[in-house]
Amino acid sequence: MALHSAGAAFRKAVQEESPLQVIGAINANHALLAKRAGFRAIYLSGGGVAAGSLGLPDLGISNLDDVLTDVRRITDVCDLPLLVDVDTGFGASAFNVARTVKSMIKFGAAAVHIEDQVGAKRCGHRPGKEIVSKQEMVDRIKAAVDARTDENFVIMARTDALAVEGLEAAVERAVACVEAGADMIFPEAITDLAMYKQFANAVKVPILANITEFGSTPLFTVDELKDADVGLVLYPLSAFRAMNKAAENVYQAIRRDGTQKNVVDTMQTRMELYDRIDYHSYEQRLDALFAQQKNK
């Protein structure tokens, strides 16, 4: 097991902050901003990798290496435990799932969630989803658990069964996943607070609530979710959506006005950026190196 376990840090955060707010960080810069804001855990969305890094829809097009690239960039500069969306495990067999888990641990992730959709997956809040059998999902979880090289690395099972088979079937799947070794449960596209409590009562492990904007789930507050026995609250793409809207407004303004003067007040300043990425400490080391060379 690694000397520093990101998984252990994630588990500790879940224990100490109830429910734990997990904020989406689309890139390394946003991971630093999330840490500065006081969050104790961050998240890399598969849909965010697809849209943000590749400019593609979240339809199972991106692959393991696409996600690992963004994972490494984040974990290289930010020590907050990172939960990663690995879709269906990036492959058709247990070998693929095992490779995904081992790679995520090696690249510094703290946790992953694996879902029960078919390979040609969709966004969890879109219609037309198809799911695999309960047994196939259980096999995915078993493969993930068996592949861990760090026993503290968190395997979270996501089920999209609510929209396809109903609440009772979704709860049954969640229970089966926990029996197979899942550490936490992510019931997707929940529409009512009472549903979370039903999952929590059945599985007896931490439940994640995905509070994504413009989806099937109302924007419940932390206090409401705590009362529903939710253990983690996820905001997967909130900052990404805000960033995209801001960028679009700037592009349109510059093209329309022939200047950026009218939108400068919406921008992060140069000094704010330098502060957030600790620019000056790097520059000071460079200055010291140059001075040392001149004195030789």
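Since the model is a prediction, treat every value here as computed from it, not as a measurement. Sequence order sets the numbering: in each chain, residues are counted from 1 along the sequence as written. At least 70 in pLDDT is required for a residue's local features to be given in this predicted model, at least 80 for side-chain atom pairs to be given and counted, and no such filter applies to totals for whole chains, interfaces and linings, which use all residues. Computation of side-chain values: all heavy atoms of the structure, hydrogens and water removed.

Draft legend 1. Spatial organisation of a nonpolar patch on the surface. Residues enter patches when their relative accessible area tops 30% and they take part in no salt bridge; the joining distance is 9 Å for like charges and 5 Å for the nonpolar side chains Val, Leu, Ile, Met, Phe, Trp and Tyr. To measure how exposed things are, a 1.4 Å probe is used in the Shrake-Rupley method; for residues, cover is taken only from the protein chains shown. The working definition used for a salt bridge is a side-chain nitrogen of Lys or Arg within 4 Å of a carboxyl oxygen of Asp or Glu. Together, Leu54, Leu56, Leu59 and Ile61 give the surface a local cluster of nonpolar side chains, amounting to about 320 Å² of exposed area. The secondary structure listing takes helices from DSSP runs of H or I that are at least 4 residues long and strands from runs of E that are at least 2 residues long, numbered from the N terminus. Considering the arrangement of structural elements, one finds Leu56 in the loop between α3 (46-54) and α4 (64-77).

Draft legend 2. The packing of aromatic side chains, seen in detail. Planes of paired rings set the category: under 30 degrees apart is stacked, over 60 is edge-to-face and the rest tilted, where pairs are Phe, Tyr or Trp rings (Trp by its six-membered ring) whose centres lie within 6.5 Å. Within this structure, the stated rule accounts for two aromatic pairs. Considering the side-chain rings of Tyr196 and Phe220, the 6.5 Å spacing of their centres and the 80° angle between planes classify their relative orientation as edge-to-face. In this pair, Tyr196 is assigned in helix α9 (residues 193-203) and Phe220 in the loop between β7 (208-210) and α10 (222-227), connecting sequence segments 24 residues apart. Here Tyr196 matches Phe220 in class, with each residue buried. Here Tyr274 and Tyr279 contribute two aromatic rings whose centre-to-centre distance is 4.1 Å and whose plane-to-plane angle is 15°, an arrangement assigned as stacked. Its relative accessible area of 18% is what places Tyr274 among the buried residues. A relative accessible area of 28% places Tyr279 in the partly exposed class. Only when the NZ of Lys or the CZ of Arg is both within 6 Å of the ring centre and within 35 degrees of the ring normal is a charge said to sit over the ring. Taking the ring centre of Phe186 as reference, the NZ or CZ of Arg158 above it sits at 5.4 Å. Directly above the aromatic system of Tyr282 lies the positively charged group of Arg285, at a separation of 4.8 Å from the ring centroid. Accessibility here uses a 1.4 Å probe with only protein chains present; expressed as a share of the type maximum, an area under 20% marks a residue as buried, one over 50% as exposed, and anything in between as partly exposed.

Draft legend 3. How the structure looks around the nonpolar core. In this structure, Ile42, Val84, Met104, Ile141, Ile185 and Tyr196 are the most contacted members of the largest nonpolar core, which totals 64 residues. Among the elements that take part in this core, helix α6 (residues 134-147) stands out by supplying seven residues, more than any other. The contact rule is simple, with two residues in contact once any of their heavy atoms fall within 4.5 Å. For Met104, the contacting residues outside a window of four places in its chain are Leu64, Val67, Leu68, Val71, Val84, Val86, Ala109, Val112 and Phe153. In plain words, nonpolar cores are sets of buried Ala, Val, Leu, Ile, Met, Phe, Trp, Tyr and Cys residues tied together by side-chain atoms within 4.5 Å. Ranked by size, the runner-up nonpolar core spans 18 residues in total, among them Val14, Ala41, Met156 and Leu232.

Draft legend 4. Structural context of α6. Over its 14 residues, α6 extends 20 Å from the first C-alpha to the last, a length consistent with the 20 Å expected when each residue adds 1.5 Å. Among the residues of α6, those classed as buried are Met137, Val138, Arg140, Ile141, Ala143, Ala144, Val145 and Ala147. Where α6 is buried, its residues meet α5 (94-106), β4 (111-115), β5 (154-159) and α8 (167-179). For a helix, the expected span equals 1.5 Å multiplied by the number of residues minus one.

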